[in-house]
Amino acid sequence: MRTRSNSGVRLDYYQRVVHKLILDHQQPVTGLFPASPHNDHAWIRDNLYCILAVWGLSMAFKKIADQDEDRAKTYELEQSCVKLMRGLLMAMMQQKDKVEKFKSTQHPHDSLHAKYSSITGRIVVKDNEWGHLQIDAISLYLLILAQMTASGLQIVFSLDEVAFIQNLVFYIESAYCTPDYGIWERGDKTNHGLPELNASSIGMAKAALEAMNELDLFGARGGPSSVIHVLADEAQKCQAVLQSMLPRESNSKELDSGLLSIISYPAFAVDDPQLITKTRDTIVSKLQGKYGCKRFLRDGHRTPREDPSRLYYEPWELRMFENIECEWPLFFCYLILDYCFQGDKVNLTEYMQKLEKIMIRKDDGIKLVPELYSVPGDKAHLEQIEPGSQERIPLGRCPFIWAQSLYILGKLLQEGFLAVGELDPLNRRLCSEKKPDVVVQIVILAEDNEIRDKLLEYDLHVQTISEVAPIEVQPARVLSHLYTYLGRNKKLGLSGRKSRDVGILSTSKLYSLNERIFAFTPQFSDMQRFFIASDYELMVDMLKAEIAFLKSSWQNLLGRPLVVLTLNDMNLDQGKIPMAMITTMKKLKSGYINGTRVTLGNLGDFLSTSAITNLSFLGSQEEGYPDKLNPQVQSYLEEHLLRSFSSRLSVLARPPAVRHARALRRRMSVRGAIKKTRSINVDSDTLGMEGEYVGSHLLERKPSWLEVEPGRSPSPEDAKKRAFTKGTSTTSLGITTPTIEISKESTPPPPKEEGTVKNVLLRNRTISESQNIYAEQETDELIAMLRETESLDEQGDILQYLVDTHGLEFNTGMQENGKHVTVKDLLKVLYEKACSQKLWGLVRHTAGMLGKRVEDLAKAVTDLLVRQKQITVGMPPNNEHTIIAPLPENELRQLIHVSLRREKHGNDDKKAYGDDESTAMLTQELLVYLAMFIRTEPQLFLEMLRLRVGLIIQVMATELSRTLSCDGEEASEHLLNLSPFEMKNLLHHILSGKEFAINSANSLIDIKEKFAKNKVGRGNFSIVSNKSNRYTKKSQILLEGQGLQGTIDEAPITEPDRQGQWLRRRRLDGALNRVPRDFYQRVWAVLEKCQGLVIQGKVLQPNLTQEMTSGELKFALAVETVLNSIPQPEYRQLVVEALMVLTLVVEYKAVNHLGGTITVEHLVHKANQIFLEDQTRCSGDATLCCAKEGAGAGAGGAGAAGALVCGGAAGVCQLLYDSAPSGRFGTMTYLARAVAALLAERLPAHEPVECAIT
């Protein structure tokens, strides 16, 4: 026998160590590792980490295998890995029913178990006796399976096992929105069994999804049927949520050392190098000690103060564990591996020394890594006073095999036996490297020759759909249907993919299927889905956003992304191609759009540069014909290729007959029926304060038009009665009028005298009489009228009335193709017509009545929630419903809409918007736009925790009312008639706080740059001066072809007056719940120094600081919930400013303690009082309202109801709301004076106050 080389001898040593510490404990039957000699439970996660050292050592031997016995050792070590991986696979396959169920429910009790018996591989505890839902453990299994398979090990043996693994991929697909128990198996850190979204689980799932994509589980010997498919968008969702969470771990854990496993080995889940560094540095600075890192702040596990007889902690106990949390050497092992992969030898050596200093040497010389180090009971008090001063003692298992295994890997890497690439054959470590720019390929196809020729006029050469054959172009929903066949397996009872969502990353590839090539159009362009898709300006805008998204998200995918768009008749505007589309196409042709490189061309040119995925899983694998298409798929594709547009109802398209005077009078009585359902409030005095229901209607602000006996629910009769009293029509912002003027109905108005007589009569009549008048109004006459009228608005009002009185399924007595036509059928026709004529108010209302829902509603809400934003829907303050967890589509819709008709409105309090269908649809729409913004511009949502959609809608209407200087009712009408594109722009302006104006074509324009001196006429857009003063309404709206309206001031319009801008700023910030940076951490510090803060009668108790750390999301939400009880947004914002002044007192240590409870509103009212005294002294503007003689400065001139002359909310002068924060007359100055007055009362007289002027 030859002498061994030094490296051989050293490896033999490691082999003995691995054998003694790890392999000796492997169960011979199942291949699993028990937790300890006395506990036969085998945890998935621990088992996987244990085997990594064995796998690493096998690869080290493979490199020096010059002798037969070395080859034998390599094989033996490799087979131990295979044995363990298959042992875990068999244990999980016994729970295949759970995998199937979990895909639909995502319920913790339906999850795979986290641990099994190491002797039998069976379950060891019941579903409800353990926090089994640990997505990170299943993800880690898939990740290591992928890495081992890529390194050449054969772990999966049959196609049934391939199908099971494919279903495990579906199991972790929804990780980004599934709260689980996480890496420490405890969920919320109080260990009460509440799962939460954990960044470490989401990161591990992202890594597993990326590693599994297009992986052949049979290695080099496999074929198309053993390949795993992952939709790239699923990993991308995890990526986005991860970006928004890090360095936070979850709601209750502001930081966790477990994140080291996802920013580095084994997951490498984060692409952004700065975020990786930030997370690592935060962990090192806040959690690292001499003996390792703490798992998370206030972790009571194995500390001397923990009560071992209980599984959970009381929330107030957590403060006891501060600074004495146990330190885990395990995390030094993670950091060592991290520095190995970075090639940072200095830090590697430093951490290796730190680790080896605290390892425990056994008699045989082997060094062991203990599980954790704890502070001895008698030293806990001293450690708390001076963290890091006391010696700690090792507790728990020794060796802790999870850590020992990672330590051995670190040594093999440090001594050069392994290269980092061998531990990471899939090259995950390169995902944060800079990549070349993505070029997005774009293909535009015309539906027919006519559209192609129209594009040719603009020098845009495109092909028609028929010309690109043999490539077939299909909508995204076809791809989503085909993917439901993936992973089906009859023997195992597995049904395939459940989610129907396919994102832009999936539709940006080509797909091959038995010689055929398919291209798919993106999901957002699918006309069948929702009315948003029929607004071409919004489509163009979404296309730009999707191209930008592809640029940032395609980095780690193969080939170039390919976006295929089709143009059809629906995209045309009165037979012409809209200019917005033409200009965008020209931009695409130029090669750059919004900073992204694009190339516009024909489909055939891009075949060689695009990614092509093989849809081989559509074969009849289980029948033994893998190359033959599954018969169901075959028939689906054939049917889909031949499907023609269904014939539309033509009932409403009858030629207009002669109109009778009688019909005319009738028409008036249902007129405005839609408008009666509105519930948006715009009055600035009461913004955010309405919401008292009378039956199902919100109280109108003009009492003359709701004359109902108290306690009686308004009936359709009342609706008609109101229709008489207020004879306006719904606005039709028709295409013919480019101005934003309200174009009145084209039908002749009723004779004036008749109208007034009716008014007088109606007011004095009793209800029973008015009912008799309308009893004769017969339905068939309404239907005859419906056929005669050409105005879609009138048709809408008539149908609204028919729905109110008879319901959607009412048979109208008309017939179409031998079938009876119901009111619902007529509504559908009206909806389609309104879509094509772009009458958006009517579109929204009919969509609501038909119960349509935004296809991506649940996804949009989930996108917002998983980025730690809560949502409320409904009108504040009495009707808001908070959504804190993802809900299924139908539940969401039910919460937003009202499913019952008015007659049955007994239990109306559960729904957010009564019967206001338009606002309900608008809510759905805004949720989709908010989700778009949070995906593309997350910075807009900084320092916002809860999005109150009802309040945002009211503020949008208020902004329009301010800009158009019209009353609230008109403004809400304008709001509902904005096109989806304009609605999205208005929302963006409000989120970003920009000024805006309304231009002649009735779209929103930035007026930031456009106030060039005196150049008013340029671009024909309107100038709206910001004077919101109650006494002098000087607003100018300039519309094309019209003079100035309203009273015009003589002064030339050079610089717009800035009056009202701070009030607006505060109103916007209050409505958006936006707070200053680090606000909640600062409030936490204030709570430490007083006995509670009182806001609107609700108390923030100081014990919150015992339960939660300052950076914890749960604490921020607790503060925010109390702030949200303030109904008026501008008042809420002043309360936030008052709290900021208090935090400064604490930060600069002006006093040691703030005394008892502090009522924050008193500070605001005290500041208001000082402000009014100042105003009186210097005869300021407030002397016209609140500081008037006799108004009583103290009360701020408010009556009992708090209604001020100037309209200020909550008894605070409007001029104070409109003051800048800084400066001599700034709000901060007055609030500081109010706080000083408070401190003067509370401090003992003899104590001097240090007052440093800065």
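The protein chain has the name Phosphorylase b kinase regulatory subunit in an unreviewed UniProt entry, where Vanessa tameamea is given as its organism. Per UniProt, the comment on the protein chain under Pathway (unreviewed entry) is "Glycan biosynthesis; glycogen metabolism." If you open the UniProt record of the protein chain and go to Sequence similarities (unreviewed entry), you find "Belongs to the phosphorylase b kinase regulatory chain family."

## As for the overall build of the protein chain
Looking only at helices and strands, the protein chain has 43 helices and 33 strands in total. For the protein chain, the proportion of its 1254 residues judged to be buried stands at 57%. Sequence-distant contacts in the protein chain: of pairs separated by 6 or more residues, those separated by 24 or more amount to 73%.

## Some words on the sheet that holds strand β27 (residues 881-883)
Strand order in the open sheet formed by three strands is β27-β26-β28, with mixed pairing between adjacent strands. The open sheet terminates on both sides in strands that have one partner only, identified here as β27 and β28 (946-948). When strand polarity is set aside, the average angle formed by the axes of neighbouring strands in this sheet is 25°. Sheet analysis places strand β26 (residues 870-873) next to β28, joined by three bridges and oriented parallel. Along β28, the bridge assignment pairs Thr872 with Arg948. Running at roughly 50° to β28, helix α33 (residues 949-964) makes contact with β26 and β28 of the sheet.

## Details of the sheet that holds strand β32 (residues 1098-1100)
Across the sheet, three strands lie side by side as β32-β31-β33; this open sheet has mixed pairing. Of all the strands in the sheet, the pair left with one neighbour each is β32 and β33 (1158-1159). Pairing between strand β31 (residues 1093-1095) and β32: three bridges, direction antiparallel. Of the residues in β32, the one forming a bridge with Leu1093 is Leu1100.

## A short note on the nonpolar core
Core analysis: the largest hydrophobic core is formed by 144 residues, its most contacted members being Tyr141, Ile165, Met212, Leu330 and Leu406. A per-element tally of this core places helix α2 (residues 44-63) first, with 13 residues. If you look at the next biggest cluster of nonpolar residues, it comprises 118 residues, including Ile532, Leu567, Leu792 and Leu927.

## Some details on the pairing of strand β16 (residues 562-567)
Summarising burial for β16: five of the six residues are buried, a large majority. Pairing between strand β9 (residues 439-446) and β16: six bridges, direction parallel. Within β16, the residue paired with Ala446 across the bridge is Leu567.

## Some words on the packing of α2 against helix α14 (residues 401-414)
Axis separation between α2 and α14 bottoms out at 8 Å; the angle between their running directions is 25°. In terms of orientation, α2 and α14 fall into the roughly parallel class. Classified by chirality, the crossing of α14 by α2 is left-handed. Together, Arg45, Asp46, Tyr49, Cys50, Leu52, Ala53, Gly56 and Leu57 of α2 and Ile401, Trp402, Ser405, Leu406, Ile408, Leu409 and Leu412 of α14 make up the contact between the two elements. Residues belonging to the contact of α2 with α14 are distributed by class as follows: 11 nonpolar, two polar and two charged.

## Here we look at unusual backbone geometry
The amide bond that connects Leu246 to the next residue, Pro247, takes the cis arrangement and shows omega of 0°. Even without glycine at this site, Glu185 takes up a positive phi of about 60°. Note on placement: Glu185 falls in the loop between α6 (159-173) and α7 (199-212). A positive phi angle is found at Lys838, which is not glycine, with a value near 60°. Note on placement: Lys838 falls in the loop between α28 (823-837) and α29 (840-849).

## A word on the side chain of Ser139
Tracing the sequence through the fold places Ser139 in helix α5 (residues 135-150). Discounting chain neighbours no more than four positions away, the residues touching Ser139 are Ile172, Met204, Ala205 and Ala208.

## Some thoughts on helix α19 (residues 536-553)
Across its 18 residues, α19 extends 25 Å between first and last C-alpha, which sits within 8% of the 26 Å expected from 1.5 Å per residue. Regarding α19, the residues found buried are Tyr536, Leu538, Met539, Val540, Asp541, Met542, Leu543, Ile547, Phe549, Leu550 and Ser553.

## Some remarks on α7
Compared with an ideal rise of 1.5 Å per residue, which puts 14 residues at 20 Å, α7 spans 20 Å between its outermost C-alpha atoms and is within 8% of the ideal. The element α7 is largely enclosed, with a buried count of 13 among its 14 residues. With its phi angle positive at about 60°, Glu214 sits one or two positions after the end of α7.

## Observations concerning the pattern of salt bridges
According to the stated counting rule, one finds 60 salt bridges in the structure shown. When the shortest N-O distance is used, the salt bridge between Arg86 and Glu161 registers 2.9 Å. Of this pair, Arg86 sits in helix α3 (residues 68-93) while Glu161 sits in helix α6, and the two are 75 residues apart along the sequence. Residue classification places Arg86 among the buried residues on the basis of a relative accessible area of 16%. Classification of Glu161 by relative accessible area gives buried; the value is 7%. Residue Lys367 pairs with Glu356 through a salt bridge whose shortest N-O separation is 3.9 Å. Of the two residues, Lys367 sits in strand β6 (residues 367-368) while Glu356 sits in helix α12 (residues 345-358), which places them 11 residues apart along the sequence. Look at the salt bridges and you will find they share partners, linking Glu173, Glu234, Lys237 and Arg497 into a network.

## With respect to the environment of Lys103
As for its position among the elements, Lys103 is in helix α4 (residues 96-105). C-alpha of Lys103 to C-alpha of Lys498: the two residues are 395 residues apart in sequence and 6.7 Å apart in space. When sequence neighbours within four positions are dropped, the list of residues in contact with Lys103 reads Asn167, Phe170, Ser495, Gly496 and Lys498. Side chain to side chain, Lys103 and Glu100 meet in a polar contact 3.1 Å long. At 2.6 Å, the side chain of Lys103 and the side chain of Asn167 are in polar contact.

## Here's the deal with the packing of aromatic side chains
Enumeration according to the criterion identifies 24 aromatic pairs in this entry. Ring centres of Trp184 and Phe331 lie 5.9 Å apart, and the angle between their planes is 85°; this geometry places the pair in the edge-to-face category. On the criterion of sequence distance, the pair formed by Trp184 in the loop between α6 and α7 and Phe331 in helix α11 (residues 330-342) is long-range, its members being 147 residues apart. Grouping residues by exposure puts Trp184 and Phe331 together as buried.

## A closer look at the confidence of the model for the protein chain
Looking at the protein chain as a whole, its pLDDT mean stands at 80, while 80% of the residues score no less than 70. Low pLDDT, under 50, characterises residues 644-651; the stretch is placed with 13 contacts to residues that sit more than four places away or in other chains. Predicted confidence is poor over residues 898-910, with pLDDT under 50, and the contacts of this stretch with residues over four places away or in other chains come to 32 contacts.

## Focus on the pairing of strand β15 (residues 516-521)
Where a strand is regular, its side chains alternate between the two sheet faces. Where strand β11 (residues 471-475) lies against β15, five bridges are found, and the strand directions are parallel. In the strand pairing of β15, Glu472 is matched with Phe518. In this structure, strand β14 (residues 510-513) lies alongside β15, joined through four bridges in antiparallel fashion. The residue of β15 that forms the bridge with Ser512 is Ile517.

## Considerations on the environment of Gly993
Structurally, Gly993 is set in the loop between α35 (980-992) and β29 (996-998). Sequence separation of Gly993 and Arg1064 is 71 residues, and the distance between their C-alpha atoms is 9.2 Å. Among residues more than four places away in sequence, those in contact with Gly993 are Arg1064, Arg1065 and Leu1068.

## As for the packing of helix α40 (residues 1129-1147) against helix α41 (residues 1160-1177)
Contact pair α40 / α41: the axes reach a minimum separation of 9 Å and the direction vectors enclose 100°. Looking at the two axes, α40 sits roughly perpendicular to α41. Listed contacts from α41 to Tyr1131, Leu1134, Val1135, Ala1138, Leu1139 and Leu1142 of α40 are Val1160, Glu1161, Leu1163, Val1164 and His1165. Taken together, the residues of the contact of α40 with α41 break down into nine nonpolar, one polar and one charged.

## Some thoughts on the environment of Thr923
Note on placement: Thr923 falls in helix α32 (residues 917-936). In the structure, Thr923 is positioned 27 residues away from Ile896 in sequence and 7.6 Å away in space, judged by C-alpha atoms.

The rules behind the values
- Per chain, the residues get numbers from 1 upward, laid out in the order the sequence is written.
- Local features are withheld for residues below a pLDDT of 70 in this predicted model, meaning they are given only at 70 or higher, and side-chain atom pairs are given and counted only at 80 or more; totals for whole chains, interfaces and linings count all residues.
- Only heavy atoms go into the side-chain values, all of them from the structure, while hydrogens and water stay out.
- UniProt positions are given in the numbering used here, feature names are shortened, and annotations may be inferred rather than shown by experiment.
- Helix and strand definitions here come from DSSP, where helices need a minimum of 4 consecutive H or I residues and strands a minimum of 2 consecutive E residues; each element is numbered from the N-terminal end.
- Throughout this description, buried means an accessible area under 20% of the type-specific maximum (1.4 Å probe, protein chains only), exposed means over 50%, and partly exposed covers the range between.
- Should any heavy atoms of two residues lie within 4.5 Å, those residues are considered in contact.
- Strands are labelled as partners when DSSP assigns at least two bridges between them.
- What counts as an axis is a line fitted to C-alpha atoms, over the stretch in contact for a helix, and the angles between N-to-C directions run from 0 to 180 degrees.
- Residues enter a nonpolar core if they are buried and are Ala, Val, Leu, Ile, Met, Phe, Trp, Tyr or Cys, with the set joined through side-chain atoms within 4.5 Å.
- We call two directions roughly parallel when the angle between them is under 35 degrees, roughly antiparallel when it is over 145, roughly perpendicular when it lies between 65 and 115, and oblique otherwise.
- In this scheme the crossing of two helices becomes right-handed for a clockwise turn of the near helix relative to the far one and left-handed for an anticlockwise turn of less than a right angle.
- Classification used: nonpolar for Ala, Val, Leu, Ile, Met, Phe, Trp, Tyr, Cys and Pro, charged for Asp, Glu, Lys and Arg, polar for all others including Gly.
- By definition here, a helix of n residues has an expected span of 1.5 Å times n minus one.
- The rule for a salt bridge is simple: a side-chain nitrogen of Lys or Arg has to be within 4 Å of a carboxyl oxygen of Asp or Glu.
- Side-chain atoms alone can form a polar contact between residues adjacent in sequence; in general such a contact is a pair of N or O atoms within 3.5 Å, and within protein one must be able to donate a hydrogen while the other accepts it.
- By convention, a stacked pair of Phe, Tyr or Trp rings (six-membered ring in the case of Trp) has centres within 6.5 Å and planes under 30 degrees apart, an edge-to-face pair has planes over 60 apart, and any other such pair is tilted.
- pLDDT measures how confident the predictor is about each residue, on a scale from 0 to 100.

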